[in-house]
Amino acid sequence: MAYVPGIALMAALVVGCSASTGTGGSAPDSKPGEATVAAAAPGKYRTLLDPCRAVAPSSLKDLLPGAAELPEDQQQKVYDGTATVTYDTDRRVGCRWKSEAPGSSHTLFVDFERVVSYDPSVSDDDRAREVYAKKEAAAGLSSDADAATSDSTKKQTLPATDPASDSTSDPATESAADSASGLASHALSGPAAKGKKTDEPTDDSTDGNGHASTDGGKADDTGTGTAGSSGDSEGSDESLLPRTLDGLGDSAFLNDLLTRAGSTAKNRTVSVVFRTSNVIVTIQYTEQPTVSTVVPDSKELQERARSLAQKLVDKFSE
């Protein structure tokens with residue numbers, strides 16, 4: 001009986017220790033009013049299509065006139081295309097085709113970029129909107145919806161203590177965005193509307209991977225690559241000017257650049273860029289006539305490029 005109080009005291013101590021180390025053990029480390037941020041949803045696409053197989057042979061025959069006249073083995077080589085070299089084929093791939101015909105040569109380039117956000121608070125789609133918005137801006141165009149979303153995302157991700165730094169950005173995606181901006185400024189430069197000019201001079205040199213293949217051409221003397229600057233009635237057709245496009249993926253725009261190749265010859269590059277979820281697709285379609293007095297038809301090239309873009313949208317939706 002003399003030991004009962006001691007036993008009771010030990011039992012009380014054990015109960016007290018258990019209570020302090022139970023489910024409420026993490027309470028001292030938690031901060032009042034602190035909410036857990038849920039991870040943003042991943043993008044729709046986890047892989048990319050094979051770009052050299054994404055364009056159907058029937059489409060290549062229309063886009064590459066003259067190839068059908070080649071011997072079968074050479075024809076197949078043209079239609080197979082040449083894959084561009086990338087460091088991460090899960091994130092970016094491309095393919096380039098070129099055909100020669102008696103009257104002109106045609107070059108087609110497609111680029112698929114899968115955008116991934118490494119910031120758990122920013123979704124892949126929102127990050128892709130930012131990258132796409134940079135491409136539009138490089139082309140002198142802007143989409144109100146994507147621009148607003150991009151600004152909103154930036155405000156959410158920038159640290160409050162240092163607005164000048166973006167510690168939440170993904171270096172791989174930033175590199176891809178910078179490359180895309182360079183691609184757009186080289187091959188997609190042109191006025192956003194009649195009377196507008198780009199802020200920087202156009203550089204039409206080729207990078208070796210099929211990007212903006214304009215054979216070192218210089219911007220046409222009449223302006224900065226205005227669509228329809230051939231001097232005929234096409235020049236007054238505002239429907240052919242660089243512009244944003246409706247009904248093509250989530251967002252899209254078209255650019256049209258007429259440049260000089262050599263001393264007198266001119267070539268034209270029509271580019272269509274669209275975003276579908278977290279993938280951005282770039283199409284560049286170039287025609288260079290062999291005769292210096294011939295100017296490539298803007299309307300025809302735009303129709304072919306837009307048709308291919310729609311087919312690729314459908315391909316990604318399968």
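In this text the structure is predicted, and so the values were computed from the model without any measurement. (Residues numbered from 1 in each chain as written. Predicted model: local features only at pLDDT ≥ 70, side-chain atom pairs only at ≥ 80, totals over all residues. Heavy atoms only, no water.)

(A) Representation of the nonpolar core. In terms of nonpolar packing, the biggest core is built from 35 residues, with Leu64, Leu108, Val110, Phe112 and Leu312 touching the most fellow members. Top element by residues in this core is helix 8 (residues 298–317). It accounts for seven residues. When sequence neighbours within four positions are dropped, the list of residues in contact with Leu108 reads Leu60, Leu63, Leu64, Cys95, Arg96, Trp97, Ile283, Gln284, Tyr285 and Leu308. Counting nine residues, the second largest nonpolar core, distinct from the first, contains Ala139, Leu141, Phe253 and Ile280. (Core = buried A, V, L, I, M, F, W, Y, C linked by side-chain atoms within 4.5 Å. Buried < 20%, exposed > 50% of the residue type's maximum accessible area, 1.4 Å probe, protein only. Helix = DSSP H or I, 4+ residues; strand = E, 2+ residues; numbered from the N terminus. Contact = heavy atoms within 4.5 Å.)

(B) Representation of the packing of aromatic side chains. Under the criterion given, the structure shown has three aromatic pairs. Look at Tyr45 and Phe316: their rings are 5.5 Å apart centre to centre, the planes differ by 80°, and that puts the pair in the edge-to-face class. Placement of Tyr45 in the loop between helix 1 (4–20) and helix 2 (51–54) and of Phe316 in helix 8 is noted, with a sequence separation of 271 residues between them. Per residue, the accessibility class of Tyr45 equals that of Phe316, and both read buried. Judged by centre distance (5.8 Å) and plane angle (55°), the rings of Tyr132 and Phe253 are tilted. Here the residue Tyr132 occupies a position in helix 5 (residues 124–138), and Phe253 occupies one in strand 6 (residues 251–261), the gap between them amounting to 121 residues. (Phe/Tyr/Trp six-rings, centres within 6.5 Å; stacked < 30°, edge-to-face > 60°.)

(C) Up close: the pattern of salt bridges. Inspection of the entire model under this criterion finds nine salt bridges. Salt-bridge contacts for Asp256 lead to Arg268; the nearest nitrogen and oxygen are separated by 2.7 Å. Here Arg268 lies in strand 7 (residues 265–276) and Asp256 lies in strand 6, a separation of 12 residues in the sequence. Its relative accessible area of 0% is what places Asp256 among the buried residues. One salt-bridge network, in which partners are shared between bridges, spans Arg92, Asp111, Glu113 and Lys135. (Salt bridge = Lys/Arg side-chain N within 4 Å of Asp/Glu carboxyl O.)

(D) Up close: the side chain of Ser105. Mapped onto the elements, Ser105 comes out in strand 3 (residues 104–114). On the basis of relative accessibility, which here comes to 11%, the residue Ser105 falls in the buried class. Leaving out residues up to four positions away in the same chain, Ser105 has contacts with Lys98, Ser99, Glu100, Thr286, Glu287 and Gln288.

(E) Main features of the state of the cysteines. Under the counting rule described, the total for this entry stands at one disulfide. Residue pairing for Cys52: its cysteine sulfur links by disulfide to Cys95, the two sulfurs lying 2.1 Å apart. When the S-S torsion is 100°, as for the bridge of Cys52 with Cys95, the disulfide is right-handed. Highlighted residues: Cys52 in helix 2 and Cys95 in strand 2 (residues 92–100), separated in sequence by 43 residues. Take Cys52 and Cys95: they sit in the same class, and that class is buried. (Disulfide = S-S within 2.5 Å.)

(F) Focus on the environment of Arg96. Relative to the assigned elements, Arg96 resides in strand 2. By relative accessible area, which is 24% here, Arg96 ends up partly exposed. A sequence separation of 189 residues divides Arg96 from Tyr285, and the C-alpha atoms of the two residues are 10.0 Å apart.

(G) Here's a closer look at unusual backbone geometry. Although it is not a glycine, Ser277 sits at a positive phi angle of roughly 55°. Tracing the chain through its elements places Ser277 in the loop between strand 7 and strand 8 (279–289).

(H) Layout of the pairing of strand 6. Burial within strand 6 is extensive, with 11 of its 11 residues counted as buried. Burial along strand 6 is two-sided: Ser251, Phe253, Asn255, Leu257, Thr259 and Ala261 facing one way and Ala252, Leu254, Asp256, Leu258 and Arg260 facing the other are all buried. Two elements, strand 5 (residues 243–245) and strand 6, share three bridges in a ladder whose sense is antiparallel. Bridging from a neighbouring strand, Arg243 pairs with Leu254 of strand 6. Note: strand 6 against strand 7, 11 bridges, orientation antiparallel. Directly across from Arg260, in strand 7, lies its bridge partner Lys266. (Pairing = 2+ DSSP bridges.)

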